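Given next are the chains, with one letter for each unit.
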Amino acid sequence: MIHALDFRTAYSQFYIIDPMVDYDAGSFNFWTAEAFNDMLAIGNGILGVGIGSYGHVKAELEMLPKNNSQNDYTKYDHVVEAGIKIESGLLQIIDCPNSEIALSIAIEPKTYRVRIYSAGLSESIPDEDEGKDYYRIEIWPDNNIERKVLKRYVYN
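If you're wondering where the values come from, they're calculated on a predicted model, not measured in any experiment.

Draft legend 1. Structural view of the nonpolar core. Among the nonpolar cores identified, the biggest contains 29 residues, and Phe14, Ile16, Leu61 and Ile137 are the most heavily contacted of them. Considering each element in turn, this core owes the most residues, four residues, to strand E6 (residues 78-86). In contact with Phe14, not counting residues within four places along its chain, are Phe7, Thr9, Leu47, Gly48, Val49, Ile51, Val57, Ile93, Ile94 and Ile137. Core analysis: the next-biggest nonpolar cluster, separate from the first, contains eight residues, Ile17, Phe30, Ala35 and Cys96 among them.

Laid out in structure tokens, this is it:
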């Protein structure tokens, strides 16, 4: 099932979380220089997703039974993935900084791999609320939590 997302956030980021974990998106170890460049921050029970515009998120999220190995990265500017452990059985997409819930899904408690495909980054201005950026998020069961950039976008 594909879930459409269209919500407001701020500071060019939103979060994928386990709401029952005491995560810390404000930690100095969360948005490191590497995480910023990779457009994905990793913490306990939280992933921070960097976006091209300041605040409007247009995306789709799909839960998959396994890794989508039939990828066409040519449609996307940036592709990155990492893992998140969901202990509560609830996965949420929330905004920054208000933690407003954009999506809440009941899932089996386990570790998941999350891949974020970013498109339209070259047509978005980081200081502008609206942009042409769009995101596809795929999530499937997998024990690998390491962050890995599959295709890198470099801002000019």
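From this point, things continue past the structure.
Draft legend 2. Region of the structure containing the sheet that holds strand E11 (residues 148-151). With mixed pairing, six strands are arranged side by side in an open sheet as E1-E5-E10-E9-E6-E11. A strand with exactly one partner marks an edge of an open sheet, and here the two such strands are strand E1 (2-8) and E11. Across the sheet, the axes of successive neighbouring strands diverge by a mean angle of 25°, strand direction being ignored. Both E1 and strand E5 (residues 56-63) contribute to a ladder of seven bridges, which runs antiparallel. Looking at E5, one finds that Phe7 is bridged to Val57.

Reading the values: rules and limits
Residues numbered from 1 in each chain as written. Predicted model: local features only at pLDDT ≥ 70, side-chain atom pairs only at ≥ 80, totals over all residues. Heavy atoms only, no water. Core = buried A, V, L, I, M, F, W, Y, C linked by side-chain atoms within 4.5 Å. Buried < 20%, exposed > 50% of the residue type's maximum accessible area, 1.4 Å probe, protein only. Helix = DSSP H or I, 4+ residues; strand = E, 2+ residues; numbered from the N terminus. Contact = heavy atoms within 4.5 Å. Pairing = 2+ DSSP bridges. Axes fitted to C-alpha atoms, helices over the stretch in contact; angles between N-to-C directions.

The values are spatial; any link to function lies outside them.
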